[in-house]
Amino acid sequence: MTSRVKNPACHDRQGVVTKKSEGKLMNVFISADIEGMAGIVGWHQAENDQRDYGPARQWMTDQVNAAIEGAIKAGATSVLVKDAHETGTNIFRDKHHPA
């Protein structure tokens, strides 16, 4: 999964850069792999047929959302997120950062 998040403080409803960003663009690319997430200690958390995979997906979602929030607070006008673990369907889409 790849998703793009636009900073609402810097874009209007059509996605056009507004004056709030003062014309400066900061694009951020986040590539997240479940093995790099805090709390992952073994394959029983990283493989989709294992019992601890669900909680690991939630941790990944939370940590990616925190990275998005940090990028926006730092002035990012656009954030592109790549779920880089196996099929790319590990981040919960319904819990993805709302921006």
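Quantities reported herein were computed from a predicted structural model and do not represent experimental measurements. (Residues numbered from 1 in each chain as written. Predicted model: local features only at pLDDT ≥ 70, side-chain atom pairs only at ≥ 80, totals over all residues. Heavy atoms only, no water.)

## What to know about the overall build of the chain
- The secondary structure content of the chain amounts to two helices and three strands.
- The helix and strand sequence of the chain, counted from the amino end, reads β-β-α-α-β.
- Across the 99 residues in the chain, those meeting the buried criterion constitute 37%.
- Counting contacts in the chain only where the partners sit at least 6 residues apart, residues at least 24 apart contribute 68% of the total.
- Carbon and sulfur atoms make up 53% of the accessible area of the chain, which totals about 6,000 Å². (Helix = DSSP H or I, 4+ residues; strand = E, 2+ residues; numbered from the N terminus. Buried < 20%, exposed > 50% of the residue type's maximum accessible area, 1.4 Å probe, protein only. Contact = heavy atoms within 4.5 Å. Areas by Shrake-Rupley, 256 points an atom, 1.4 Å probe, with all protein chains shown as cover.)

## What about the packing of aromatic side chains?
- Counted under the stated rule, the structure contains zero aromatic pairs.
- Here the basic side chain of Lys-95 rests over the ring of Phe-92, its NZ or CZ set 5.2 Å away from the ring centre. (Phe/Tyr/Trp six-rings, centres within 6.5 Å; stacked < 30°, edge-to-face > 60°. Lys NZ or Arg CZ within 6 Å of the ring centre and 35° of its normal.)

## Remarks on unusual backbone geometry
- You will see that Glu-86, though not glycine, has its phi angle at about 45°, which is positive.
- Examined against the element boundaries, Glu-86 turns out to sit in the segment after strand E3 (78–83).
- Residue Glu-86 is classed as exposed on the basis of its relative accessible area of 56%.

## Here's the deal with the pattern of salt bridges
- This model, assessed by the stated rule, comprises one salt bridge.
- A salt bridge links Arg-51 to Asp-52; the shortest N-O distance between them is 3.8 Å. (Salt bridge = Lys/Arg side-chain N within 4 Å of Asp/Glu carboxyl O.)

## Regarding the environment of Ala-74
- Of note, Ala-74 is situated in the loop between helix H2 (53–73) and E3.
- Overall, the relative accessible area of 55% leaves Ala-74 in the exposed class.
- The spacing of Ala-74 and Met-26 is 48 residues in sequence and 9.2 Å in space, taken between C-alpha atoms.

## Quick notes on the confidence of the model for the chain
- The predicted model of the chain averages 85 in pLDDT, with 77% of residues at 70 or higher.
- Here strand E1 (residues 2–6) stands out as the element of the chain with the lowest mean pLDDT, 61, in contrast to H2, whose mean of 96 is the highest. (pLDDT = per-residue confidence, 0-100.)

## Digging into the side chain of Asn-90
- In this structure, Asn-90 sits in the segment after E3.
- Those residues in contact with Asn-90 that lie beyond four places of it in its chain are Tyr-53, Arg-57, Met-60, Thr-61, Asp-83 and His-85.

## Observations concerning the nonpolar core
- Within the largest apolar cluster, 17 residues are counted, with the highest numbers of intra-cluster contacts made by Ile-34, Met-60, Val-64, Ile-68, Val-79 and Val-81.
- Looking at this core, the elements with two or more residues in it are strand E2 (27–32), H2 and E3.
- Looking at which element gives the most residues to this core, the answer is H2, with seven residues. (Core = buried A, V, L, I, M, F, W, Y, C linked by side-chain atoms within 4.5 Å.)

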